[in-house]
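Topology and contacts: notes
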Amino acid sequence: MRFTQLYAPTLKEAPADAEVISHKLMIRAGMIRKLTTGIYSYLPTGWRSINKVAQIVREEMNRANAQELHLPTVQPADLWQESGRWDFYGKELLRFKDRHNRDCCLGPTHEEVITDLIRGEVRSYKQLPLNLYQIQTKFRDEIRPRFGLMRGREFIMKDAYSFDVNDGAADKSYWAMFDAYQRIFTRLGLKFKAVEADSGSIGGSFSHEFMVLADTGEDTIVSCSACSYGANVERAEVKLRAEVKELKLPEAVSFVLTPNKFSVAEQAEHLGLATSDILKTLMCVADGKPVAFLVRGDRELNLVKAKNLLNVAVLDLMPTEMLSEFFGAMPGFVGVVNLEIPVYADLELQLKDGWIMGANRIDTHYCNVSLRRDVKVITYADLREIDINDPCPRCGAALEFPKGIEVGHVFKLGTKYSKALNANILDENGKEKPIIMGCYGIGVTRVVAACIEQNNDQYGISFPPAIAPYEIVVINLDVKSEEATKKSEEIYEMLKNKGFDVLLDDRNDRAGAKFKDADLMGMPIQIIIGSKALANNIIEVKDRSKYEKSELNAGSFELEFD
Ligand code: ATP
Ligand code: MG
Ligand code: MG
Ligand code: MG
């Protein structure tokens, strides 16, 4: 491709609404343009990158014996009513009526459609295993579409669905997809980690998210520094809840947190967490039941914010005498942590057989007192120790909490959709059974954005070769010079013949502008041809990722370049 013919309108400045780097750079590099909130046009270079991702995904899916098909975008409401998701899915599902007043929606995902497709036709275990996938535009009316292609309303997803005769076979299908995902993200040249996610009613390790590691990620990963253990925070919390259940926490509980010397916000800061992280963990342990926080009113602005977030009662610090009254009134009151305000003695009776939880480590003195009275103490620090901080649940090493971007998700569905939609088969013994399903998504457009979040510098994008719209740009610095132009054309043709995706910058423009565009657009290799250097038999080659130039002999360029 010649730059003079390329439609890639680059910009000096990013639009004001672009918050994250990938959004800014994709707009500036002329890869995408916004049509309206969360909906983007993919311009030629953007589309090339998207297709490169799609092609690698396709190759690895095919290698894993999945078969590509293409399902409709518009879906009838009846199917969603049959699965029960019409009422359940909420506002992310964009609904509308056709001219006959029939309810429809734009597909945010395709479990219903695919299950409908195979039911009745796949009748025997002999037709399984089966894995069908598509690469297609999805629509989700996200509450907060933002960050360009990272969280769009319209985006491209690869979604695959596996069908198996029994659990063992379904597990095999699951791990085959897991392996395919490892290959895909490795081939794409991304730093990523597969982390355990909550698999709901299925249980076990049958949901994994593939996270591209980037500081700007919306997700927090719990990751072991020594072994391969990783989980998303929600999963870690679910495990936490299970562990607390194991401790036989009473069913109906309300927690009262009285951060003593420090406010929750201050403690959060001390622990390097967001206030909402602490609150979420507490909520999680309380299993979604209301949590009351006893706070020092003046310092707790953040907590009040959190109140809106979590719908918890925020109470002011009250005198000791009032505490008992207040606790008495609270159904299922469990405990209070307050070490420095001298209310502890008053509370001993209340705490009998109870639980204490709070944001601070309780010192041994109080623990002893408490334990002697059959009071189990859990501190927030303990909770972090149980699950979120250092005992990696697998090997005991220290945990880290990097940020990540969810680019893929594999999930064992079990019989949720096959039961709801009556997708049954006859097994080896002629017995009718629901098919065991799995679903496997990759956010194809999000991958491109996530890749840029991971690979950029002050000059622009630095694409890994697998995702770059062009692998090489040949920059002709002097289009008016016969020698430079001849050499540029020669190298351009030679590289194309070798099978590279090459862009030739043949514009009659200043060198500075050409360098700026090349750096911004992120081609991994720049071949710089200027008449002065050429007179000295030199061609410069720049490695975009290292931002380093080397000089090659113009005469033997082809050999040296290899
Ligand atoms: P998220 O937690 O980010 O909302 P999700 O868990 O809802 O994602 P899935 O239903 O697992 O998403 O869909 C499969 C993949 O589709 C995700 O792993 C992600 O890469 C991609 N994806 C989901 N929502 C969006 C979106 N709004 N924009 C771009 N890609 C998306
Ligand atoms: Mg979502
Ligand atoms: Mg998710
Ligand atoms: Mg997901």
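Sequence order as written defines the numbering, with residues in each chain counted from 1. Working convention: letters from A go to chains and numbers from 1 go to ligands, in the order in which they are written. Residues qualify for local features only when their pLDDT is at least 70, as the model is predicted, and side-chain atom pairs are given and counted only at 80 or more; totals for whole chains, interfaces and linings, by contrast, use all residues.

We count it as follows: UniProt positions are given in the numbering used here, feature names are shortened, and annotations may be inferred rather than shown by experiment.
Naming follows an unreviewed UniProt entry, where the protein chain appears as Proline--tRNA ligase of Desulfovibrio litoralis DSM 11393. What UniProt states about the protein chain under its Sequence similarities (unreviewed entry) heading is, verbatim, "Belongs to the class-II aminoacyl-tRNA synthetase family. ProS type 1 subfamily." Recorded under Subunit (unreviewed entry), the UniProt text for the protein chain is reproduced unchanged: "Homodimer."

Things to note about the overall build of the protein chain
Basically, it comes down to this: Helix and strand assignments come from DSSP, with helices taken as H or I runs of at least 4 residues and strands as E runs of at least 2, each series counted from the N terminus. Three classes are used. A residue is buried when 20 or more other C-beta atoms lie within 10 Å of its own, exposed when 12 or fewer do, and partly exposed in between, with C-beta atoms placed from the backbone. Our contact criterion uses C-beta atoms placed from the backbone: two residues qualify when those atoms are within 7 Å.
Within the protein chain one finds 20 helices and 30 strands. Taken over 562 residues, the protein chain has a buried fraction of 43%. For the protein chain, the share of sequence-separated contacts (at least 6 apart) that also reach a separation of at least 24 residues comes to 66%.

Overview of the sheet that holds strand 28 (residues 525–529)
Put simply, the rule is: DSSP-based pairing: two strands are paired if at least 2 bridges between them are found. Axis definition: a line fitted to C-alpha atoms, over the contacting stretch in the case of helices. Angles run 0 to 180 degrees between N-to-C directions.
Pairing is mixed in the open sheet, where five strands are placed in the order 27-26-28-29-30. Each edge of the open sheet carries a strand with a single partner, namely strand 27 (502–505) and strand 30 (548–553). Taken pair by pair, the neighbouring strands of this sheet meet at an average axis angle of 20°, ignoring direction. The strands touched by helix 18 (residues 511–521) are strand 26 (472–476), strand 27 and strand 28; relative to strand 26, the strand with the most contacts, the crossing angle is about 175°.

A look at the packing of helix 2 (residues 44–63) against helix 16 (residues 444–454)
Put simply, the rule reads: Handedness of a crossing is defined here by the sense of rotation of the near helix relative to the far one, left-handed for an anticlockwise turn of less than a right angle and right-handed for a clockwise turn.
Remark: helix 2 packs on helix 16, axes separated minimally by 9 Å, with the N-to-C direction vectors making an angle of 115°. Of the two possible hands of crossing, helix 2 and helix 16 adopt the one that is right-handed. In this structure, helix 2 uses Ser 49, Ile 50, Val 53, Ala 54 and Val 57 to contact helix 16, whose residues at the interface are Val 444, Thr 445, Val 447 and Val 448.

A word on the packing of helix 2 against helix 6 (residues 167–187)
For the record, the criterion: Here roughly perpendicular refers to angles of 65 to 115 degrees, roughly parallel to angles under 35, roughly antiparallel to angles over 145, and oblique to all remaining angles.
The N-to-C vectors of helix 2 and helix 6 enclose an angle of 150°; their axes lie 9 Å apart at closest approach. In terms of their interaxial angle, helix 2 and helix 6 are classed as roughly antiparallel. The crossing of helix 2 and helix 6 is right-handed. Listed contacts from helix 6 to Ile 56, Val 57, Glu 60 and Met 61 of helix 2 are Ala 180, Arg 183, Ile 184 and Arg 187.

Quick notes on the site of ligand 1
What counts here: Nearness rests on one distance test: the residue's C-beta atom, set from the backbone, must lie within 6 Å of the molecule or strand. For this classification, the nonpolar set comprises Ala, Val, Leu, Ile, Met, Phe, Trp, Tyr, Cys and Pro, the charged set comprises Asp, Glu, Lys and Arg, and every other residue, Gly included, is treated as polar.
Residues in close proximity to ligand 1 total 15 residues, the closest being Phe 155, His 409, Gly 441, Gly 443 and Arg 446. No other element matches strand 20 (residues 403–414), which puts four residues into the shell around ligand 1. Its residues assigned to classes, the shell around ligand 1 shows three nonpolar, seven polar and five charged.

Observations regarding the sheet that holds strand 6 (residues 103–106)
Across the sheet, which stays open at both edges, the three strands sit in the order 4-6-5 with antiparallel pairing between neighbours. Unpaired on one side and paired on the other, strand 4 (74–76) and strand 5 (95–97) mark the two borders of the sheet. Going across the sheet, the axis of each strand differs from the next one's by a mean of 40°, ignoring polarity. With three bridges joining them, strand 5 and strand 6 adopt antiparallel strand pairing. When the sheet's bridge partners are listed, Arg 95 is paired in strand 6 with Cys 105.

Points about the pairing of strand 30
In terms of residue burial, strand 30 counts as a barely covered element, since only zero of its six residues are buried. Relative to strand 30, strand 29 (residues 538–543) is paired through six bridges, and the arrangement is antiparallel. Looking across to strand 30, one finds that Ile 539 is bridged to Leu 552. Counted between consecutive antiparallel strands, the loop separating strand 29 from strand 30 contains four residues, among which Tyr 547 sits at a positive phi close to 55°.

Describing unusual backbone geometry
For the bond from Leu 128 to Pro 129, the omega torsion is 5°, close enough to zero to count as cis. Its place among the elements puts Pro 129 in the loop between helix 5 (111–118) and strand 7 (130–139). If you check the backbone angles, Phe 147 has positive phi at about 65° while not being a glycine. Summarising the element assignment, Phe 147 is placed in the loop between strand 7 and strand 8 (154–164). Overall, the presence of 22 C-beta atoms within 10 Å leaves Phe 147 in the buried class.

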